[in-house]
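Listed below are the residues making up each chain.
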Amino acid sequence: MNAPVALVLAALAVLLALLSSAVSVFAVRAPRIVRLLAMPLFGLAGLAALAAGLAALFQDGVATATLPLGLPWLPSRVRLDALSGFFLGVIGVVSVAVGLYGPAYVRGFERGRDSLTALGGFAGLFLAGMLLVVLADDAFLFMVSWEVMSLSSYFLVAFQHENAANRRAAFLYLLMAHIGGLAILLGYGVLASFGGGFAFEAMRAAPLTSGWASIAFVLAFLGFGMKAGLVPLHAWLPEAHPAAPSHISALMSGVMLKVAVYGFIRFVFDLLGDVQWQWGVAVLVIGGVSALIGVLAALMQTDLKRLLAYSSVENLGIIFIGLGLALVFLGTGHAPLGTLAFVAALYHVLNHALFKGLLFLGAGAILHSTHERDLEQMGGLLRRMPWTGLFFLLGCISISALPPFNGFVSEWLTFQAALQAWQLESGVLRSLIPIVSALLALTGALVAATFVKVYGVAFLGQARSRHVRRARQVPFGMRAGQGWLALLCLLFGVLPTAVIGVINGIPQQLLGAGLPQAAAHGWLWLTPVSPATASYSAPLVVVLLALLAATALWSLRRGAVRRVRRCDAWDCGFAPPTPRMQYTATAFAQPIRQVFGLLFHIEESVGRREDGTLRYQLSIGDRAWDLFYAPVMRAVESASRRVVRLQSGNVRVYLGWTLATLVVLLWIIS
Amino acid sequence: MDHLLTMAAWGAALLQALLYAALAPLLVGWIRKLKARLQNRRGAPVLQPYRDLRKLLLKEARVAHTASPLFRVAPYIVFVAIWLAAATVPLVAVSLPTAAIADIIVLVGLLALARFFLALAGMDVGTAFGGMGASREMLVSALAEPAMLMAVFTLAMSAHSTNLASVIDYQLGAFALRPSFLFALGGLILVALAETGRIPVDNPATHLELTMIHEAMLLEYSGRHLALMEWAAQIKLLLYGALIANIFFPWGIARSFAPIDLGIGLAVVMLKLFALGAALALGETVLAKMRLFRAPAFLNLALLLALLGLLSQVILEVGA
Amino acid sequence: MNIALLPLLQQIVLVLAALVLFTSFVLLAQARLVAAIHAFAWQGALVAAVTTVVAATGQTPHLYFSALLTLALKALLIPWMLHRLTRRLALDRHVESLRRPALVIMAAVALVIFSYWLVLPIVQQELAYTRNIVAISLAVVLIGLLMMVFRQQAVAQVLGFMSMENGLFLAAVSATAGMPLVVELGVAFDVLVAMVLFGVFFFQIRESIDSLDVDRLNRLTETTEEDEAIPGRATTSVVAGEGG
């Protein structure tokens, strides 16, 4: 009887998260409590969530329960099915890593001026909010947990509030989170009005006309897309994620964005049910554009955490490309293909949580060790922080979608799903989907360029500044957190059939069909459609790579030539290379910046300062601000100016407004 | 899957992998000899690349003081990834288990893995040359990859498969003059020129920093490390040649593992590769290397060809 | 419709039609005027080849004459006249590139997909082959018009106009196996006369506005534009100062 076990574990996870939050209150007196008690509790909550997720994925069926909370006529219901279980697992995995990493990282804040109570308290609340969003079975509990999640992350983003930039970033984040929340609420409103209730059960059975279904879809896409950071509603992401402490950034990028994806899937695939292919085209196009703009913006950044934030925009774009494909296939009646695309999107959700969490934790390790976020000051860190360097390298390889790691598997599955477009009847769709796939390929190549830049500039070469030269290895806990995620990246890349076997239950429950073929030829071969169409054997690729490498190493490292002599690098006969002679991050990205520069607002200038030295200034702006946000801001401002005229300052006028409103309301009620 | 797991199949796969490693320097030697002849020189013997590799393997490797452990590991990863990628392309026989282990997309992924480590190795020592080579290489590959995948998609949309053996079987099955394949061939040739670092994108014989892309990343390597990197580049050239020859002109490839078929397959593929090598040598002699910022225009042409191939496939060939 | 099932001649027509589409893309994006004229010549030659192959299927022998006429006119005479014109106008080495080539090419691809979508309702199976070639021809016509919109040089505009005519001719030949010979002769001589007139007028234009940039024709009107500065932009600054 697995069902209650999964629910009990989930409840335990929520309770542990809340406990971790409560314990931090005592940090006012004893700051060490956050490090010693709150963070381990956080990690345990993650472990419980992971266990709950796995239990839910392995069970057959759905577990529901009614909580004694909520409104009088609407008790809150929780529901743990395969989809919720999967996302619980994702949340749990990254939370375990953060729990391992947190104590050592948080120690750095103990002597600072920032309040540790806030850090520990809101982190626990954040986790609890996310868990409840995934578990919620009615709109009320969903929205309340969503708000808890947004608000607690707002406080975490504003944690180091003495920095004005952080305050601005937090405000922008709060603003956009609430606009998104409003859109989601309206979407639920549409469903509730047709379904007759706020419970998800009622909404599932709601008889929507296709017009209203489209309206609900647009509202949900707006709301969840804003939270997921899709272009052009992504402006808060690159501001908010870098501002938060690094382990919180890992949670926000790795997990919170996925909760937004969960919301979208739950709303569109589960509650709306009958999908239209036109929605899929919109999702596909917006996902593709987000992916391209996200990665190009990431390539141009020199602040490591901002770069990682833009890279999250790109990966969410890839997830939505998968979801868009699923919608197109499902809407045109090709259910098995839709399932394939859906599984590809889910796999990427898992992968992104893992490698983005790993990369942010690595950035936090660098920050902890060197107090530096600017790539232009780093260099040569691989020799000073070997373990962090190794794990960060694995993260970079995974995010660049290179075999045999996990990023490659989800990208391969997405391409395979897109390639099945030949089965569609519409010629226009058959041309559009490969074009979007080419865009995805371009994105993949640009991601590799971005992470070559990041790793090459930060970890390789020579240190570009003195404090970086003095960097030291981070404590064991931080290394363990990163190592856990890196190991999973490798594991999920080498054993894709096992992962798909576990995920298979989700489309089974949601869409009615699974992917029976995927592991049909044994655990070695991943054959999503059929062996003749495409097959990939990740374990064999790893074995062959290892075998060939061993052969090469053995045959070449024998005899007298085994020696390696150290010498100076080639310097054209002039002075030995100094750290200033290396390529900087800006220089590395310059060719690509020149080719793709039209998509951004780039200003470059070279001038002379008063003392005769040259000064090069480069400013890269997001065109979304000029094209989208600025006009919206101007419109809102002009509308507000008009509304302000209501404020005449005269008491009798205000009383007059009150009287008029009262009269109108009485008339409506009568 | 079972028919692939026979000993004969694995034996043929192993033989083919060894052939790739063995024939790659020969192809490069042939191209160099032809170029020399076209330039009115006598040129080095055709077997010279083998001698060069052997010389490098016997020399001591020198590593800069500022290099990290990644510098010494990268040549092995690059070589092994490219070799495995090559082993999945049918050279002599069609139905091999390696084609089922890795399809075209995995092949592109393995090449990307090799390129990733090559670029990192370039940045490792901390000199300007390596950074420059890495930066330019990532630009060229960023533009070449969508063109390559678009050409692959055009093939896959016709053959309904990304498994290289299935695509070749499809071509051998029903012969038709397909405009989509014609455009895909054009696009793939341009991409191959860019990815293997041949003129007009990169000059494989240069050591001037203004013209280097691939060479710049290898500048610090010596001894057995350099031998591995050079050999890997040669195998990559053979890989693209075999891809173009066997997908677009597959007639003659062995469809069973009988020794006579394998022999014919080997002879035919060597003929095709020599013809392609001659065309490459002619092209390199006639064209000049473009400056770096004209490479995007070149690769956009490749993308356009691949895109037209896709559109021809959708509009003209299926059409319904 | 499976291409492998079509007779060989029809497959050749498909390949040639696809190559005509390719030349229209080349015409659109080619910066050097002389190379564009050569691309136009190749387009004419390909259309003549299509006409020959359709004539070889045996239904309408007068198409051989039509093919010869097209070859002589579109592939030889008119490019020669244009070449002579550019030399007399001293535009030999003129290079005029599109300002946003990527966007223009994307627009052209969108036009191809659009023309395909337009002809889809012609659903009879036997006509699938001709319908597809009509789609390609329509795309060539639209891309010719796109070229006239985006290229500023007057000679390039002529090329766009001529390539539209090529597209229409391709549609006529492949869909309906040619028009009556009288119609074709009439159209061919009209095109020739148009070429001569273009030649004469270019000199006139250059004398009055001193350039052959079609945009400069608006010097005849008064227009003013204002630029607005847009506030509010997130920037990342990289300041790398360099020691002297």
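Residues numbered from 1 in each chain as written. Chains lettered and ligands numbered in written order. Predicted model: local features only at pLDDT ≥ 70, side-chain atom pairs only at ≥ 80, totals over all residues.

1. A look at the overall build of chain B
Scanning chain B for helices and strands turns up 12 helices and one strand. Listed N to C, the secondary structure of chain B is α-α-β-α-α-α-α-α-α-α-α-α-α in terms of helices and strands. For 320 residues, the compact-globule estimate of 2.2 N^0.38 gives 20 Å, and the C-alpha radius of gyration of chain B, at 19 Å, lies within 12% of that figure. With respect to the principal axes defined by its C-alpha atoms, chain B has extents near 60 × 45 × 45 Å. Burial statistics for chain B: of 320 residues in total, 65% are counted as buried. Pairs at least 24 residues apart make up 80% of the contacts formed inside chain B by residues separated by at least 6 positions. (Helix = DSSP H or I, 4+ residues; strand = E, 2+ residues; numbered from the N terminus. Rg over C-alpha atoms; globule rule 2.2 N^0.38 Å. Buried ≥ 20, exposed ≤ 12 C-beta atoms within 10 Å, placed from the backbone. Contact = placed C-beta atoms within 7 Å.)

2. Describing the interface of chain B and chain C
Chain B puts 18 residues into the contact, and the matching count from chain C is 19 residues. Residue assignment for the side of chain B that touches chain C shows that the elements contributing at least two residues are α8 (179–195) and α12 (295–318) of chain B. Counting residues per element, the side of chain B that touches chain C draws most heavily on α12 of chain B, at nine residues. Looking at the side of chain B that touches chain C residue by residue, the class counts come to 14 nonpolar, two polar and two charged. (Nonpolar A, V, L, I, M, F, W, Y, C, P; charged D, E, K, R; others polar.)

3. A closer look at helix α1 (residues 7–38) of chain B
Residues and elements named next belong to chain B. With 32 residues, α1 extends 45 Å between its outermost C-alpha atoms, agreeing within 8% with the 46 Å of an ideal straight helix rising 1.5 Å per residue. When the local axis directions of α1 are compared, the greatest deviation, roughly 35 degrees, occurs at Leu 23, which is followed within four positions by the proline Pro 25. Phi turns positive one or two residues past the end of α1, at Asn 40, with a value near 70 degrees. (Expected span 1.5 Å × (residues − 1). Bend = angle between axes of the 7 residues up to and from the residue.)

4. A short note on unusual backbone geometry
A cis amide bond links Pro 403 of chain A with the next residue in sequence, Pro 404 of chain A, at an omega value of -5 degrees. Put simply, Ile 199 of chain B and Pro 200 of chain B share a cis peptide bond, and its omega is 10 degrees. Its identity is not glycine, yet His 371 of chain A carries a phi of approximately 55 degrees, on the positive side. Within the secondary structure layout, His 371 of chain A lies in the loop between α13 (335–370) and α14 (381–384). Taking the C-beta count within 10 Å as the criterion, His 371 of chain A has 12 such neighbours and is therefore assigned exposed. In this model, His 160 of chain B sits at a positive phi of 60 degrees, which is unusual for a non-glycine residue.

5. Remarks on the environment of Thr 332 of chain A
Residues and elements named next belong to chain A. Tracing the sequence through the fold places Thr 332 in the loop between α12 (304–331) and α13. Taking the number of C-beta atoms within 10 Å as the measure of exposure, Thr 332 has 19 and is therefore partly exposed. In contact with Thr 332, not counting residues within four places along its chain, are Trp 277 and Leu 424.

6. Topic: the nonpolar core
The tendency in soluble globular proteins is for nonpolar side chains to be buried as a group. All names here are of chain A. Formed by 456 residues in total, the largest nonpolar core has its most connected members in Ala 10 and Leu 131. The dominant element in this core, judged by the number of residues it contributes, is α13, at 21 residues. Apart from the residues lying within four places of it in its own chain, the contact partners of Leu 131 are Ala 10, Ala 13, Val 14, Ala 17, Ala 49, Leu 88 and Ile 91. (Core = buried A, V, L, I, M, F, W, Y, C linked by C-beta atoms within 7 Å.)

7. Structural notes on the confidence of the model for chain B
Close inspection of predicted coordinates is inappropriate for parts of the model with low pLDDT. Mean pLDDT over chain B: 89, with 98% of residues reaching 70 or higher. Note on the complex model: pTM 0.91, ipTM 0.94. (pLDDT = per-residue confidence, 0-100.)

8. A few points about the interface of chain A and chain B
Taken together, the contact pairs 69 residues of chain A with 71 residues of chain B. Secondary-structure elements contributing two or more residues to the side of chain A that touches chain B are α14, α16 (406–419), α17 (427–458), α22 (538–556), β3 (564–567) and α23 (585–596) of chain A. It is α17 of chain A that provides the largest number of residues to the side of chain A that touches chain B, a total of 16 residues. Looking at the side of chain A that touches chain B, its residues break down into 49 nonpolar, 14 polar and six charged. In this structure, β3 of chain A lies alongside strand β1 (residues 61–64) of chain B, joined through four bridges in parallel fashion. (Pairing = 2+ DSSP bridges.)

9. A short note on the environment of Tyr 616 of chain A
If you trace the backbone, Tyr 616 of chain A turns up in strand β5 (residues 614–622). In this structure the C-alpha to C-alpha distance between Tyr 616 of chain A and Ser 605 of chain A, which are 11 residues apart in sequence, comes to 5.8 Å.

10. Regarding the packing of helix α1 (residues 8–29) of chain C against helix α2 (residues 33–56) of chain C
Residues and elements named next belong to chain C. Remark: α1 packs on α2, axes separated minimally by 9 Å, with the N-to-C direction vectors making an angle of 165 degrees. Taken together, the axes of α1 and α2 are roughly antiparallel relative to one another. Crossing hand, α1 versus α2: left-handed. Where α1 abuts α2, its residues Leu 9, Ile 12, Val 13, Leu 16, Ala 17, Leu 19, Val 20, Thr 23, Ser 24, Val 26 and Leu 27 lie against Ala 36, Ala 39, Phe 40, Trp 42, Gln 43, Leu 46, Val 47, Ala 49, Val 50, Val 53, Val 54 and Ala 56. Here the residues of the contact of α1 with α2 sort into 20 nonpolar, three polar and no charged. (Axes fitted to C-alpha atoms, helices over the stretch in contact; angles between N-to-C directions. Parallel < 35°, antiparallel > 145°, perpendicular 65-115°, else oblique. Left-handed = near helix turned anticlockwise from the far one by under 90°.)

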